[in-house]
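Spelled out from the first residue to the last, the chains are:
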Amino acid sequence: MFVVDTLEFPVLGNHSYLASGPRTAVAVDPPRDIDQVVAAAARRGVRIAYVAETHIHNDYVSGGLELARLTGARYLVPAGAAVSFPRTAVTDGDTVAVDEDLRLRALATPGHTPHHTAYVLEDGGRAVAAFTGGSLLIGAVGRPDLVEPRLTGELARAQHASAHRLADALDDAVRLLPTHGFGSFCASGQAGGEETTVGAERVGNAALTKDVDAFVAELLAGLDDVPAYYTHMGPANAAGPAPVDLTPPEPADAGRIAARLAAGEWVVDLRHRVAFAAGHVPGTFNFEAEGKLATYLAWLLPWGKPVTLLAGTPAQLAGAQRELVRVGIDRPAAAASGDPHAWVRPGESLASCGCATFADLARARAERDDVVVLDVRRDSERRNGYVADSAHIPVQDLRGRVGEVPDGEVWVHCASGTRASIGASLLDAAGRDVTVVDDHFDAAERAGLTVRRPGPR
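Residues numbered from 1 in each chain as written. Predicted model: local features only at pLDDT ≥ 70, side-chain atom pairs only at ≥ 80, totals over all residues. Heavy atoms only, no water.

A. Structural view of the state of the cysteines. By the definition in use, this model includes zero disulfides. Free of any disulfide, Cys353 has its nearest neighbouring cysteine sulfur in Cys355, separated by 7.3 Å. You can see Cys414 has no disulfide; the closest cysteine sulfur is in Cys355, sitting 11 Å from it. (Disulfide = S-S within 2.5 Å.)

As structure tokens, this is what we get:
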């Protein structure tokens, strides 16, 4: 008798798992904020006896070490991973008893990293699930280019071999439970659905349907941008992350907000783009709490720079703080929530910017010749179609390329509006006249704008 609880982290595109028997459990690839795993175990009435890492993660800070310390669990880490803390080194074929009749067997699956290891859950000697980490995902595999550029080709071929090893070792009905692939930049591609089996992947995953040369060529051609903060995640995990502190940050009044802006620190407004456009503290940046906050703030923020958070509510602030610790932004310098008018000093005013649709953009273009359209999507998105005569700077590059934006009134768009507001706030802080296009890109052509479709490279 066993049960697997799934903990979802949609901002980072990851899942963690708790596999429980009647009395004890194993946590696989736990998040930094381990209280969620502890609560899941408490709801099941089980003790966490093992914590297992499939690999040293490059996209988030793991809570595995702290969870093992807190619970007294054995910490299973692939033997090939170079870490600076005590752990139980796992090699191919190693097996541990999670509970009576419930065992966990290690299966070496290099590719996403050289040391990557999957774990097969066996109930009564029968494989029932496989925790595949960044190896075989839903319709994809983990990308092989995050460790060392010179190893990318070798690891891509290893991914193909590892996928076949999993498929050969497991029956079609076995559930595949990957860590990455639910919107994660660690995945080589994205596929729909939250669940899969070995049988489904056997017929639908390129790693299992294409020969190795075709698979590797397709995999390498499809690799997208790598978030800049990934550089810091692997070393943090190898060193052993410190426990998190989710207590409220130091309160920030209007004077402190002004002082932090004057010092060149980042002050981030977490409210929705419409609220930000209507009124915000001059010089602040808009990273919506409901968007991919952790991914994009960690990507753009100069690493280690203090950040102050402004939120609509205390709950929004607490949620953002939790998201940020997962990517190593551990403690905001200060924070405030509530009415934005309280965030500026007496005699000072809030700033504002435009917020419009693609239909509004079409009308503005027809009426004036000073309208600049700035596309802040990634290169891969733009190749599928772009507004004619638009400028293009991906949002993650914009902070260092503000001077390249043509003169005029800048209308910033992305695929849906979230990144457009980030980009517009960067330009607004630099003194540009900006409008956020709060609309989905598929509305551009319907609005009468010409959309060019160059196709793939």
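Text resumes after the structure shown.
B. Inspection of the side chain of Arg382 at higher detail. Here Arg382 lies in helix H13 (residues 379–382). By relative accessible area, Arg382 is classed as buried at 13%. The contact partners of Arg382, leaving out residues within four places of it in the chain, are Asp375, Arg377, Ser390, Ala391, His392 and Pro454. (Helix = DSSP H or I, 4+ residues; strand = E, 2+ residues; numbered from the N terminus. Buried < 20%, exposed > 50% of the residue type's maximum accessible area, 1.4 Å probe, protein only. Contact = heavy atoms within 4.5 Å.)

C. Looking closely at the nonpolar core. Ranked by size, the top nonpolar core spans 53 residues in total, and within it Trp266, Leu270, Phe287, Leu297, Leu374 and Leu427 carry the most contacts. The element contributing the most residues to this core is helix H10 (residues 293–300), with seven residues. The contact partners of Phe287, leaving out residues within four places of it in the chain, are Trp266, Val268, Asp269, Leu270, Leu293, Tyr296, Leu297, Leu300 and Ile422. (Core = buried A, V, L, I, M, F, W, Y, C linked by side-chain atoms within 4.5 Å.)

D. Expanded view of helix H2 (residues 64–71). All of the buried residues in H2 are Gly64, Leu65, Leu67 and Ala68. On an axial view of H2, the arc spanned by its buried residues comes to 165°, and they lie on one face. What points out from H2, more than 90 degrees from its buried face, is the exposed set Arg69 and Leu70. Tucked inside the fold, the buried residues of H2 contact strand E3 (24–28), helix H1 (35–44), strand E4 (47–52) and strand E5 (74–78). Just downstream of H2 lies Gly72, where phi reads positive at about 75°. (Arc of directions from axis to C-beta.)

E. Just the sheet that holds strand E15 (residues 307–311), in detail. With parallel pairing, the four strands of this open sheet are ordered in space as E14-E13-E15-E16. The strands lining the two open edges of the sheet, one partner per strand, are strand E14 (285–286) and strand E16 (334–337). Running over the sheet, helix H11 (residues 314–325) touches E15 and E16 and is turned about 145° from E15. (Pairing = 2+ DSSP bridges. Axes fitted to C-alpha atoms, helices over the stretch in contact; angles between N-to-C directions.)

F. Broad picture of the packing of aromatic side chains. Scanning the entire structure with this criterion turns up eight aromatic pairs. Between Trp266 and Phe285, the aromatic rings sit 4.6 Å apart at their centres with planes inclined by 70°, giving edge-to-face as the arrangement. Taken together, the residues span a long stretch of sequence, with Trp266 in strand E13 (residues 266–269) and Phe285 in strand E14 at a distance of 19 residues. We classify Trp266 as buried; its relative accessible area is 5%. Here Phe285 falls in the buried class, since its relative accessible area comes to 12%. Consider the rings of Tyr296 and Trp299, whose centres lie 5.6 Å apart with planes at 15°: the pair is stacked. Of the two residues, Tyr296 and Trp299 are both situated in helix H10; the distance of three residues between them amounts to about one turn of the helix. In this structure, Tyr296 and Trp299 share a single accessibility class: buried. Arg377 extends its terminal NZ or CZ atom over the ring of Phe441, reaching a point 4.1 Å from the ring centre. (Phe/Tyr/Trp six-rings, centres within 6.5 Å; stacked < 30°, edge-to-face > 60°. Lys NZ or Arg CZ within 6 Å of the ring centre and 35° of its normal.)

G. Region of the structure containing unusual backbone geometry. One non-glycine residue with positive phi stands out, namely Asp101, at about 70°. Along the chain, the position of Asp101 falls in the loop between strand E7 (95–99) and strand E8 (102–108). The phi dihedral of Asp389 is positive, around 65°, even though this residue is not glycine. Looking at where Asp389 falls in the secondary structure, it is placed in the loop between strand E19 (386–387) and strand E20 (391–392). Judged by relative accessible area, which is 73%, Asp389 ranks as exposed.

H. Fine view of the environment of Ser337. Structurally, the position occupied by Ser337 is in strand E16. Given the relative accessible area of 32%, Ser337 is considered partly exposed. Along the primary structure Ser337 and Ala158 are separated by 179 residues, whereas in three dimensions their C-alpha atoms are 49 Å apart. Dropping the residues within four chain positions of it, Ser337 is found in contact with Ala311, Gly312, Thr313, Pro314 and Trp343.

I. Spatial organisation of the sheet that holds strand E6 (residues 88–90). If you trace the six strands from one edge of the open sheet to the other, you get E1-E2-E3-E4-E5-E6, paired in mixed fashion. Looking along the sheet, the strands with just one partner apiece sit at the ends: strand E1 (3–9) and E6. Strand after strand, the sheet turns through a mean of 25° between neighbouring axes, direction not considered. H1 contacts E1, strand E2 (14–20), E3 and E4 of the sheet and is inclined by roughly 150° relative to E1. Helix-sheet contacts for H2 involve E3, E4 and E5, and the interaxial angle to E4 is about 150°.

J. Spatial organisation of the packing of helix H3 (residues 152–169) against helix H6 (residues 212–221). Put simply, H3 and H6 touch, their axes get as near as 9 Å, and they point 125° apart. As judged from the angle between their axes, H3 and H6 are oblique. Here the hand of the crossing between H3 and H6 comes out right-handed. Seen from H3, the contacting residues are Thr152, Ala156, Arg157, Gln159 and His160; seen from H6, they are Val212, Asp213, Phe215, Val216, Leu219 and Leu220. The residue inventory of the contact of H3 with H6, partitioned by class, reads six nonpolar, three polar and two charged. (Parallel < 35°, antiparallel > 145°, perpendicular 65-115°, else oblique. Left-handed = near helix turned anticlockwise from the far one by under 90°. Nonpolar A, V, L, I, M, F, W, Y, C, P; charged D, E, K, R; others polar.)

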